[in-house]
2 protein chains.
Amino acid sequence: MLASNTPTKGRPREFDVDVALTAALRVFWSKGYEGASLTDLTEAMGITRPSLYAAFGNKEALFRRALDLYEREKLEYTRRALDAPTAKGVAERMLYGAIDAQCSECEPKGCLGVISAVACGAEADAIREHVIARRVSSRNALVERLEQAKQDGDLPAEIDIDGLTGYLFAILQGMAVQAGAGATREDLEKVVKTGLSMWPGR
Amino acid sequence: MLASNTPTKGRPREFDVDVALTAALRVFWSKGYEGASLTDLTEAMGITRPSLYAAFGNKEALFRRALDLYEREKLEYTRRALDAPTAKGVAERMLYGAIDAQCSECEPKGCLGVISAVACGAEADAIREHVIARRVSSRNALVERLEQAKQDGDLPAEIDIDGLTGYLFAILQGMAVQAGAGATREDLEKVVKTGLSMWPGR
DNA sequence: TCGCTAACATAACGAACGGTATATAATGCC
DNA sequence: GGCATTATATACCGTTCGTTATGTTAGCGA
């Protein structure tokens, strides 16, 4: 259990920080950083503005906390995918995991990372940089895994690992765009099946 | 030549509507619909707010005009791609055309359609629906072209055309996300080459 | 019970947003 | 030369934005 909050002095907090953060994540996820107003956030979190600022700092800090939560819980499949025995297995877990993550019935459609990296205005520039920077490490991990697969003989010797990584990421990001635009699970399953049918190696 | 503006009565306008619209497109393209403020727009267009409202109606109508211009000029390659002799030729023109469109030195990175479809808040919902609806016809055209290619024997008989279309769109949209996130032309060329190397048929 | 501390609720802050009212300047028509 | 018409320039509208000052309430240690 992570070191939670035990102030032991002063009036105790009437809400659960983790619950509130989960609610905030859902708002950011469905509306984007700029699209999520403080009114949206506080209503969903069930707290007032001063409580939000006391607990999280400000809107940007709250977003980073929500992004942490998102990556830890909703993007866990990307880490587990790397454990697949073959390169194709990695791609398979990634792609089907993306469908589950982006087409859940009870959660917003699309990918918070893609939403935040694409949009939008001036105030979100720092956020955009932050989101983009985070994806780098995730990408590096995939590059390493595919390099290993190449050495294992799971991929043809002549393949460009960097290109293959960008290619797989592009499909994942494109699926996120389509999910956000209303694509159904069946739509995305067709995309995944088509992509996997032409994946090189095993 | 389209029916331009010939009011013949009253004070003549001091700016060129098409030039102003081009400037507005660049602003929407780089900042998104919500990220582009009226101040951004009027400064880039070199006109005042009342002139903007007199000439274009309001911000949303201006965006639709800019989107028309974008699809007519910047997305022309998607229509010309359909004229390629084979299915793989279509994919090739689409993918390399996307690189040119999204990595131009003198224009914003990424794709206005993707940016607008992904982002963002409540006020942009109508815009989002509009952008998504437009992509449908573009997608249908690609489906038809690939069906034809299948009959021509350019694609394996067992291939799922709908899946292949969504797959190609996903790569294109993913490339737009990556271009907006700072990917270079070389990065995207690797993605395209990887994708084309595993394209089915000819 | 009395402070000390911290979270609560209310209400307000300045700034920026999309959109206009008003007044002035420039054209074509009679 | 008026007159109607339309574009321009300035200044402002009401609303919403993220953020915070202020006063009150609840728990802990003394």
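Residues numbered from 1 in each chain as written. Chains lettered and ligands numbered in written order. Predicted model: local features only at pLDDT ≥ 70, side-chain atom pairs only at ≥ 80, totals over all residues. Heavy atoms only, no water.

(A) Up close: the overall build of chain A. In terms of regular secondary structure, chain A is built from ten helices and zero strands. Seen in sequence order, chain A has helices and strands lined up from the N terminus as α-α-α-α-α-α-α-α-α-α. C-alpha extents for chain A along the principal axes are approximately 65 × 35 × 30 Å. A buried classification covers 51% of the 202 residues belonging to chain A. As presented, chain A carries roughly 9700 Å² of accessible surface, and 50% of it is formed by carbon and sulfur atoms. (Helix = DSSP H or I, 4+ residues; strand = E, 2+ residues; numbered from the N terminus. Buried < 20%, exposed > 50% of the residue type's maximum accessible area, 1.4 Å probe, protein only. Areas by Shrake-Rupley, 256 points an atom, 1.4 Å probe, with all protein chains shown as cover.)

(B) How the structure looks around the interface of chain B and chain A. On the side of chain A, 33 residues touch chain B, which itself brings 33 residues to the contact. Both faces combined, the contact of chain B with chain A buries some 2700 Å², and carbon together with sulfur accounts for 69% of it. For the chain B face of the interface with chain A, the top three residues by lost area are B:Val118, B:Tyr167 and B:Met198, together amounting to 20%. Taken together, the connections running from chain B to chain A amount to two salt bridges. Two residues, B:Asp162 and A:Lys190, come together in a salt bridge whose shortest N-O distance is 3.2 Å. (Contact = heavy atoms within 4.5 Å. Buried area = accessible area lost by both parts, 1.4 Å probe. Salt bridge = Lys/Arg side-chain N within 4 Å of Asp/Glu carboxyl O.)

(C) Looking closely at the environment of A:Met198. If you trace the backbone, A:Met198 turns up in the segment after helix 10 (185-197). Residue A:Met198 is classed as buried on the basis of its relative accessible area, which comes to 9%. Excluding its chain neighbours within four sequence positions, the residues that come into contact with A:Met198 are B:Leu164, B:Tyr167, B:Met198 and B:Pro200.

(D) Examining the protein's contact with DNA strand C more closely. Near DNA strand C, the surroundings consist of 22 residues, among which A:Ser51, B:Leu38, B:Arg49, B:Tyr53 and B:Lys59 are the closest. Near-protein atoms of DNA strand C (within 4 Å) split between backbone and bases, with sugar and phosphate holding 65%. With respect to DNA strand C, the side chain of B:Lys59 contributes an N or O atom lying 2.8 Å from a phosphate oxygen. Every element with two or more residues in the surface near DNA strand C is listed here: helix 3 (49-56) of chain A together with helix 2 (38-45) and helix 3 (49-56) of chain B. Looking at the surface near DNA strand C element by element, the count peaks at three residues for helix 3 of chain B. Along the lines of polarity and charge, the residues of the surface near DNA strand C split into seven nonpolar, eight polar and seven charged. (Near = heavy atom within 4 Å. Polar contact = N/O pair within 3.5 Å; in protein donor to acceptor, adjacent residues only side chain to side chain. Nonpolar A, V, L, I, M, F, W, Y, C, P; charged D, E, K, R; others polar.)

(E) Structural detail: the UniProt feature "domain: HTH tetR-type" (unreviewed entry) in chain A. When the UniProt feature table is mapped onto this chain numbering, "domain: HTH tetR-type" (unreviewed entry) sits at residues 14-74 of chain A. Taken end to end, residues 14-74 of chain A is 84% helix and 0% strand, and its two terminal C-alpha atoms sit 27 Å from one another. (UniProt positions renumbered as here; feature names shortened; annotations may be inferred.)

(F) Quick look at the protein's contact with DNA strand D. Close contacts around DNA strand D come from 22 residues, with A:Leu38, A:Arg49, A:Tyr53, A:Lys59 and B:Glu14 the closest. A share of 66% of the atoms of DNA strand D within 4 Å of the protein falls on sugar and phosphate groups. Contact between DNA strand D and B:Ser51: a phosphate oxygen at 2.7 Å from a side-chain N or O atom of the residue. Those elements giving two or more residues to the surface near DNA strand D turn out to be helix 2 (38-45) and helix 3 of chain A together with helix 3 of chain B. Of the residues forming the surface near DNA strand D, the biggest block, three residues, is contributed by helix 3 of chain A.

(G) Here's a closer look at the nonpolar core. In terms of nonpolar packing, the biggest core is built from 146 residues, with A:Leu41, A:Met45, B:Leu41 and B:Met45 touching the most fellow members. Beyond its immediate sequence surroundings of up to four residues, B:Met45 is in contact with B:Ala20, B:Ala23, B:Ala24, B:Leu52, B:Phe56 and B:Leu62. (Core = buried A, V, L, I, M, F, W, Y, C linked by side-chain atoms within 4.5 Å.)

(H) Seen up close, the environment of B:Trp199. Residues and elements named next belong to chain B. If you trace the backbone, Trp199 turns up in the segment after helix 10 (185-197). Among the residues examined, Trp199 registers a relative accessible area of 6% and is labelled buried. Along the primary structure Trp199 and Tyr53 are separated by 146 residues, whereas in three dimensions their C-alpha atoms are 48 Å apart. Residues in contact with Trp199, not counting those within four places in the same chain, are Ala87, Lys88, Ala91, Leu155, Leu164, Tyr167 and Leu168.

(I) Quick look at the UniProt feature "DNA-binding region" (unreviewed entry) in chain A. Sequence positions flagged by UniProt for "DNA-binding region" (unreviewed entry) are, in local numbering, residues 37-56 of chain A. From the first C-alpha to the last, residues 37-56 of chain A spans 15 Å; its make-up is 80% helix and 0% strand.

(J) Quick peek at the packing of aromatic side chains. According to the stated counting rule, one finds nine aromatic pairs over all chains in the structure shown. Seen in terms of ring centroids, B:Phe28 and B:Tyr33 are 6.0 Å apart; in terms of plane orientation they differ by 15°. Their pairing is stacked. Per residue, the accessibility class of B:Phe28 equals that of B:Tyr33, and both read buried. Relative to B:Phe63, the ring of B:Phe28 lies with its centre 4.9 Å away and its plane at 90°, an arrangement referred to as edge-to-face. Of this pair, B:Phe28 sits in helix 1 (residues 17-35) while B:Phe63 sits in helix 4 (residues 59-74); the two residues are 35 residues apart in sequence, bridging distant segments of the chain. A relative accessible area of 0% means that B:Phe28 is categorised as buried. Classification of B:Phe63 as buried rests on a relative accessible area of 0%. Put simply, the rings of A:Phe28, A:Tyr33 and A:Phe63 touch in pairs and so form one group of aromatic residues. It is A:Lys59 that lies over the ring of A:Tyr33; its NZ or CZ is 4.7 Å from the centre. (Phe/Tyr/Trp six-rings, centres within 6.5 Å; stacked < 30°, edge-to-face > 60°. Lys NZ or Arg CZ within 6 Å of the ring centre and 35° of its normal.)

(K) Up close: the relation of the copies chain B and chain A. With an RMSD of 0.0 Å, the operation that places chain B on chain A is a rotation of 180° combined with a shift of 0.0 Å along the axis. As the rotation angle and translation indicate, the two copies are arranged about a two-fold axis. Identified as the residue of chain B closest to the rotation axis by C-alpha distance is B:Gly174, at 2.1 Å. A symmetric contact is evident, with 100% of the interface residues of chain B recurring at the interface of chain A. (Least-squares fit on C-alpha atoms with pLDDT ≥ 70 in both.)

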